[in-house]
Amino acid sequence: MLTRHTITDKVAFALVAFFLGELGDGLNIFQGIYLVALGWNEGSVGIALSMMGFTALLTQTIAGDIIDKTTFDRRKFLAMAALMTAFSASAILFVQEGNVDHALMYVTKIIEGVSSSFIGPCVAALTLASFGPDSFDEVMASNILWGHVGSIVSAVLAGLTAWITYPNIRYCFLVILFSALLAVVGVKLLPEGDVLMGRGLKGNSTRVVHSGDDGDDYTNMEVQGTTSWSSTQGNIASPKCTSNSVAAEENAISSYWEIFSDRKTVVLCFTGFFFHFANANVLLVLGELMGGDNEDGTTKRSAIPLIAGAIVLAQFTMSGATLAGDRMTKGGWGRKPLFMAGLLTLPLRCFLIIFWKDAGEAWLLSTQILDGVGGGFFGLLHPYLVADITFGSGRFNVIMGLTASCFGLGGTLSNLLGQMVVEKYGHVASLTGSMFLSVIPIVLFALAMPETAGSRGKNAKSAVLVEAAGVSA
């Protein structure tokens, strides 16, 4: 039986990321196809899928701020958020045939939007709290990689379930519920870490040596006002901070205006918004092009398995892109060139889908390789960039939430407006709009975003105050 004594913290995080990944970014795509099969029109589907995004838009920044400030165990937040997300997503099992039960979907999507808003900030905060800024990139890369693997397994299981149970394809959504239950079990294996460091502060400013569960020593060392963490496992035990260090850290917290108005924060928010505004609807349109209908108007048996294949191919490529990006950053590559490479894949992908729309399912499916490369680099570098911008400010999770809100707003508007365009003008018009919109984030990031690699923890206000606390102690 797995316990905190039998596995390392990094493996525990990987397990939780795997099961959270099984909650699946492809869930909305499966739900969209299923609702169309029940008799919903594309506009109604777009509204239903948008409810979660609009709710997340309103709550993600607040969720990040709560995770920053909370004295409540972040692991419990994560467990509750996973369960609420799964149960609300499973409500689609009760939608009846026909263009009905809109209220049920809208309400559960709102609940899903609120609960899912806490998952990303919780995982990022626990990772930073447990491993510190020096090992954060490595462990987050592992989390993201295993999240992609979880998405692959989820898509395969959902696709197989839909194929076997056809035409009762709704049972594929049970995969989500079981994954959440396993994630909750895995959360019990996670450490709480250093609470202050989890919000992007430097943590305890005095030297403390802790003994880990497996006998390893965990050491927190202050050197000239900066904090470095080391252990044979790379983990951080939760230290007992002195009153001086806590006071210094609290005084070091940047104001909301300081961090929200930072040029790098603004550029990242707008870049992510336009990227997701152009990108989110593309997979749904691709699924509609590949799936098609039978002569009697019902959805083909191959529709969800084909979408599952598209998700698997994209997530498999994302896994490879995550590994490659992790190795390249360790080898000295900056954030900017890798992020730009991810952005450049989107206009090419839209063009190829338009060009190959009548070439057959295999050609259309192959465009998901580009989605994997773009999504892989974007997903990997997002927390890296936020940590670069905010570490030492005490606003790490609120900016994770703010940027996620901007990304979510883009994705929500993409699904809503994209499906309206499909309904009135067709699939090609929707894809053409996405292709032209995808140029905006490329130009914006290229011209306005400086390189952030190597800037982590260089918050001058924080450094001065923490050093002062060390002297007074």
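Residues numbered from 1 in each chain as written. Predicted model: local features only at pLDDT ≥ 70, side-chain atom pairs only at ≥ 80, totals over all residues. Heavy atoms only, no water.

1. A closer look at the overall build of the protein
Step number 1: Summing up its helical and strand segments, the protein has 18 helices and 3 strands in all.
Step number 2: Look at the contacts in the protein between residues 6 or more apart in sequence, and 82% of them connect residues 24 or more apart.
Step number 3: By element, 66% of the accessible surface of the protein is carried by carbon and sulfur atoms, the whole surface being about 18,700 Å². (Helix = DSSP H or I, 4+ residues; strand = E, 2+ residues; numbered from the N terminus. Contact = heavy atoms within 4.5 Å. Areas by Shrake-Rupley, 256 points an atom, 1.4 Å probe, with all protein chains shown as cover.)

2. Points about the packing of aromatic side chains
In this description, a pair of aromatic rings is defined by centroid distance and the angle of the planes.
Step number 1: By the definition in use, this model includes 14 aromatic pairs.
Step number 2: Considering the side-chain rings of Phe-136 and Phe-396, the 5.7 Å spacing of their centres and the 90 degrees angle between planes classify their relative orientation as edge-to-face. Of this pair, Phe-136 sits in helix 6 (residues 119-165) while Phe-396 is found in helix 15 (residues 396-425), placing the two residues 260 residues apart along the sequence. As far as the burial class goes, Phe-136 and Phe-396 line up, both buried.
Step number 3: An angle of 35 degrees between the planes, with centres 4.8 Å apart, marks the rings of Phe-339 and Phe-378 as tilted. (Phe/Tyr/Trp six-rings, centres within 6.5 Å; stacked < 30°, edge-to-face > 60°. Buried < 20%, exposed > 50% of the residue type's maximum accessible area, 1.4 Å probe, protein only.)

3. Quick look at the side chain of Ser-142
Step number 1: When you line up the elements, Ser-142 lands in helix 6.
Step number 2: Beyond its immediate sequence surroundings of up to four residues, Ser-142 is in contact with Lys-10 and Ala-14.

4. Describing the state of the cysteines
Step number 1: Counting across every chain of the model gives 0 disulfides.
Step number 2: No disulfide involves Cys-406; its nearest neighbouring cysteine sulfur is the one of Cys-269, lying 3.7 Å away. (Disulfide = S-S within 2.5 Å.)

5. With respect to the confidence of the model for the protein
Step number 1: Of all residues in the protein, 79% attain a pLDDT of 70 or more, and the chain-wide mean is 78.
Step number 2: Across residues 205-243 the pLDDT falls below 50, and counting only partners more than four positions away or on other chains, this stretch makes 89 contacts in the model.
Step number 3: Contacts from residues 462-473, a stretch scored under 50 in pLDDT, to residues over four places away or in other chains number 21 contacts. (pLDDT = per-residue confidence, 0-100.)

6. A short note on a nonpolar patch on the surface
Step number 1: Among the surface-exposed residues, Val-156, Leu-160, Trp-163 and Ile-164 lie close enough to one another that they form a single nonpolar patch of about 400 Å² accessible area.
Step number 2: Inspection of the secondary structure puts Ile-164 in helix 6.
Step number 3: Given the relative accessible area of 65%, Ile-164 is considered exposed. (Patch = residues over 30% accessible without salt bridge, like charges linked within 9 Å, V, L, I, M, F, W, Y side chains within 5 Å. Salt bridge = Lys/Arg side-chain N within 4 Å of Asp/Glu carboxyl O.)

7. A word on the nonpolar core
Step number 1: Counting residues in each nonpolar core, the largest one holds 78 residues, and the members touching the most others are Leu-35, Trp-40, Phe-339, Leu-343 and Phe-396.
Step number 2: At 11 residues, the largest contribution of residues to this core is made by helix 10 (residues 263-291).
Step number 3: Leaving out residues up to four positions away in the same chain, Trp-40 has contacts with Leu-35, Val-45, Ala-48, Val-95, Gly-98, Asn-99, Val-100, Asp-101, His-102 and Met-105.
Step number 4: Ile-67, Val-123, Val-184 and Leu-189 belong to the second-largest nonpolar core, a separate cluster that totals 27 residues. (Core = buried A, V, L, I, M, F, W, Y, C linked by side-chain atoms within 4.5 Å.)

8. Considerations on the pattern of salt bridges
Step number 1: Under the defined criterion, the tally for this structure stands at 12 salt bridges.
Step number 2: Ionic pairing is found between Asp-137 and Arg-335, a salt bridge with its closest N-O pair at 3.2 Å. Of this pair, Asp-137 sits in helix 6 while Arg-335 sits in helix 12 (residues 335-355), and the two are 198 residues apart along the sequence. The same class applies to Asp-137 and to Arg-335, which are both buried.

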